[in-house]
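Fold and contact review
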Amino acid sequence: MIEYPDANWKDYELLDSGNGEKLERFGRFVLRRPEPKALWTPEMSEKEWNRLTHTSFTPGAGFGKAGKEDSGTWNRLKKMDDQWHIEYSNPEGLRMDLRLGLTSFKHVGVFPEQAPNWNYIYRECSNFRTDISPRVLNLFAYTGGASLAARAAGAEVTHLDSVRQVVTWARGNMENSGLDGIRWIVEDAMKFAKREERRGNLYQGIILDPPAYGHGPDGEKWKLDECLFELLCTVNRILAPENAFLVLNLYSNGYTSALGETIVRQAFGASQMESGELALKDKYGKVLPLSVVVRMKR
């Protein structure tokens, strides 16, 4: 299974890719960013890339170091805003207003390949009976695209990230999207999940998008290879035993859908499951796979 954002998404487009970079349009602005998986040659010339680009990202001294590989600086080639907004919507009724900005870690506040996950979460939450508001927990939730999708479908959402600034960013996205009522938590994901287990709290939906490396708000260290299975086993105990769903997204290089499906099956037992890759396709048809996804229902 390979899934892509809808080609009709007017505010995002992968224009070209290659030579370890990608050229993307987010709304009014075109950004040039490193992309190690773009191993081929671009279709457009260097002159054309420069003509289109508003700003490009240059990796810094941390490039290639675990946990620091994305640090660097933006170089503006044309006048553009420091912050701007794009809209995401789908035919099923989901609509989100997402603020973007240039960060020192090459990210801009949205991972466009996640659009199929947003659609899935919105659809699953919408399918609950009208007299039930499913409880959804979004761990490593970043700026909240998945949280907004769940909330827009009527779920009671808990949004957790260890970085206060991105939680504030996500709150702004909620307000700009005309939503309210999301519960915001700045916490280490493992600590929170274990505390919810002790409390006996259950969720009908749990979303996980863990980084390869990270730190909690109190300096807790996270290394995906060492912590993922333990976290999934804990999450298994706070996911409702029936009429529930899980979305696991993995960005770490070297992870495959087969590995993701196996680790989920070992942590949760036999369940209805699908796995594959989330990818972007540029204007010339080149496919850029960016993450592994596992979705489970029980």
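Preceding this section is the structure that the text describes.
No experiment lies behind these values; they were computed from the predicted model shown. (Residues numbered from 1 in each chain as written. Predicted model: local features only at pLDDT ≥ 70, side-chain atom pairs only at ≥ 80, totals over all residues. Heavy atoms only, no water.)

A word on the state of the cysteines
Here the structure, examined in full by the defined rule, presents 0 disulfides. Free cysteine: cysteine 233, not disulfide-bonded; nearest cysteine sulfur from cysteine 227 at 12 Å. Relative accessible area serves as the criterion here: at 19%, cysteine 233 is assigned to the buried category. (Disulfide = S-S within 2.5 Å. Buried < 20%, exposed > 50% of the residue type's maximum accessible area, 1.4 Å probe, protein only.)

Focus on empty space enclosed by the protein
Under the counting rule described, the total for this entry stands at 1 cavity of 30 Å³ or more. Considering only enclosed or pocket space, the largest cavity measures out at about 260 Å³ in volume. Along its surface, the largest cavity is lined by 22 residues, and Gln114, Trp118, Gly145, Ala146 and Asp209 are the ones closest to its centre. No other element matches the 3 residues that helix 2 (residues 115–126) contributes to the lining of the largest cavity. Across the lining of the largest cavity, the residue classes break down as 12 nonpolar, 9 polar and 1 charged. (1 Å grid on protein atoms, 1.4 Å probe; cavity = no way out; pocket = protein on both sides within 12 Å on 5 of 7 lines; lining within 4 Å. Points joined across faces, edges and corners; volume = space filled by probe spheres on them. Helix = DSSP H or I, 4+ residues; strand = E, 2+ residues; numbered from the N terminus. Nonpolar A, V, L, I, M, F, W, Y, C, P; charged D, E, K, R; others polar.)

A short note on the packing of aromatic side chains
Applying the stated criterion to the full structure yields 10 aromatic pairs. Measuring from centroid to centroid gives 4.8 Å for tryptophan 9 and tyrosine 88, while their planes differ by 80°, and the two rings are edge-to-face. Note that tryptophan 9 is positioned in the loop between strand 1 (2–3) and strand 2 (12–18) and tyrosine 88 in strand 7 (residues 83–89), a separation of 79 residues in sequence. Take tryptophan 9 and tyrosine 88: they sit in the same class, and that class is buried. On the numbers, 5.1 Å between centres and 70° between planes, the contact of phenylalanine 57 with tryptophan 74 is edge-to-face. Of the two residues, phenylalanine 57 is situated in strand 5 (residues 55–59) and tryptophan 74 in strand 6 (residues 72–76); the sequence distance between them amounts to 17 residues. Of the two residues, phenylalanine 57 and tryptophan 74, neither departs from the other in class, the shared state being buried. Three or more aromatic residues joined by ring pairs form one cluster here, namely Trp9, Tyr12, Phe26, Tyr88 and Trp118. Over the ring of tyrosine 203 we find arginine 135; its NZ or CZ atom is 4.6 Å from the centre of that ring. Over the face of the ring belonging to tyrosine 4 we find lysine 281, whose NZ or CZ atom lies 4.7 Å from the ring centre. (Phe/Tyr/Trp six-rings, centres within 6.5 Å; stacked < 30°, edge-to-face > 60°. Lys NZ or Arg CZ within 6 Å of the ring centre and 35° of its normal.)

Thoughts on the sheet that holds strand 4 (residues 29–34)
If you walk across this open sheet you meet the 5 strands as 2-3-4-5-6, and the pairing is mixed. Two strands close off the open sheet at either side, each with one partner strand: strand 2 and strand 6. Taken pair by pair, the neighbouring strands of this sheet meet at an average axis angle of 20°, ignoring direction. (Pairing = 2+ DSSP bridges. Axes fitted to C-alpha atoms, helices over the stretch in contact; angles between N-to-C directions.)

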